[in-house]
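The lines below spell out each chain.
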Amino acid sequence: MNGVAFYMEGGGRASGGNAALRRGMDCFLQPFKQGARRRSLSWKLVLCGSRQETYRRFGNACADTDPNERQILLVDSEARVTRSPREHLQDQDGDRWDLGFARDDMTHLMVQFMETWIVADPQALAEYYGQGFHAMRLPGRRDLEKEPKTSVERALREATRSTGKGVYHKIWHAGELLKRLDRTRVVDRCRHCKRLFEVLDGIIEAA
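Residues numbered from 1 in each chain as written. Predicted model: local features only at pLDDT ≥ 70, side-chain atom pairs only at ≥ 80, totals over all residues. Heavy atoms only, no water.

### A closer look at the sheet that holds strand β3 (residues 69-76)
So, step 1. Read from one edge to the other, the open sheet built from four strands follows the order β2-β1-β3-β4, with strand pairing classed as parallel. Strands with a single pairing partner mark the edges of an open sheet, and in this sheet they are β2 (42-47) and β4 (107-110). Neighbouring strand axes in the sheet, compared pairwise and without regard to direction, differ in orientation by 20° on average.
So, step 2. For strand β1 (residues 3-8) and β3, the ladder comprises six bridges, and the chain directions are parallel. Note on β3: the bridge partner recorded for V4 is R70.
So, step 3. Lying on the sheet, helix α3 (residues 51-64) is in contact with β1, β2 and β3; it crosses β3 at an angle near 170°.
So, step 4. In this fold helix α4 (residues 85-93) packs onto β3 and β4, with an angle of close to 75° to the strand it touches most, β4. (Pairing = 2+ DSSP bridges. Helix = DSSP H or I, 4+ residues; strand = E, 2+ residues; numbered from the N terminus. Axes fitted to C-alpha atoms, helices over the stretch in contact; angles between N-to-C directions. Contact = heavy atoms within 4.5 Å.)

Structure (structure tokens):
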């Protein structure tokens, strides 16, 4: 194997927001990127926009690129996950998502969506938003993957509405927040993030 390529949902159509989110996720994954480089592995992170476009580009990469490159799909689950990520996506998206070509360790989820990872670290949010931020509005449960997406969205709005930066905005705030997240806090509350990190560790160690 000579490289790792991520195909991640998100970024939208605005080039500035896409670049900011890519930089943020690249920073969040920095220890693994550095580990890959130490093993002379290439590293690529592609923000694909919609989940369907992400699936399309991931599938094309698996079919067309060097077989020695490991492709990783990273998308929102949009709901609680009770099966393997690949089974979850095929159940949820039906015939549009045939993932029979992908191994389980190539398919990864942000459960229930990227903002769940963000609210897993209230301290990072507090440092970013500053005065007027209300941490008590955030979900307190240990297993955040059980927290409904609508609940996380509402909590972020209520926690940030009185801050100088204003209500949480995915395009303009998420990238900066990803840079500040404590990975230990995130994996402690989001087991599918832990799964992703374990797979990346395994890829790097095996190189």
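More follows now that the structure is in view.
### Quick word on the packing of helix α6 (residues 122-129) against helix α8 (residues 170-180)
Helices that pack against each other are described as a pair by the angle of their axes relative to one another and the distance between those axes.
So, step 1. The interhelical angle for the contact between α6 and α8, taken along N-to-C directions, is 125°, at an axis separation of 9 Å. The angle between α6 and α8 places the two elements in the oblique class. Considering only the axes of α6 and α8, their crossing is right-handed. When α6 is examined against α8, the residues A124, L125, Y128 and Y129 are found in contact with a partner set consisting of W172, H173, E176, L177 and R180.
So, step 2. Here the residues of the contact of α6 with α8 are counted per class, giving six nonpolar, one polar and two charged. (Parallel < 35°, antiparallel > 145°, perpendicular 65-115°, else oblique. Left-handed = near helix turned anticlockwise from the far one by under 90°. Nonpolar A, V, L, I, M, F, W, Y, C, P; charged D, E, K, R; others polar.)

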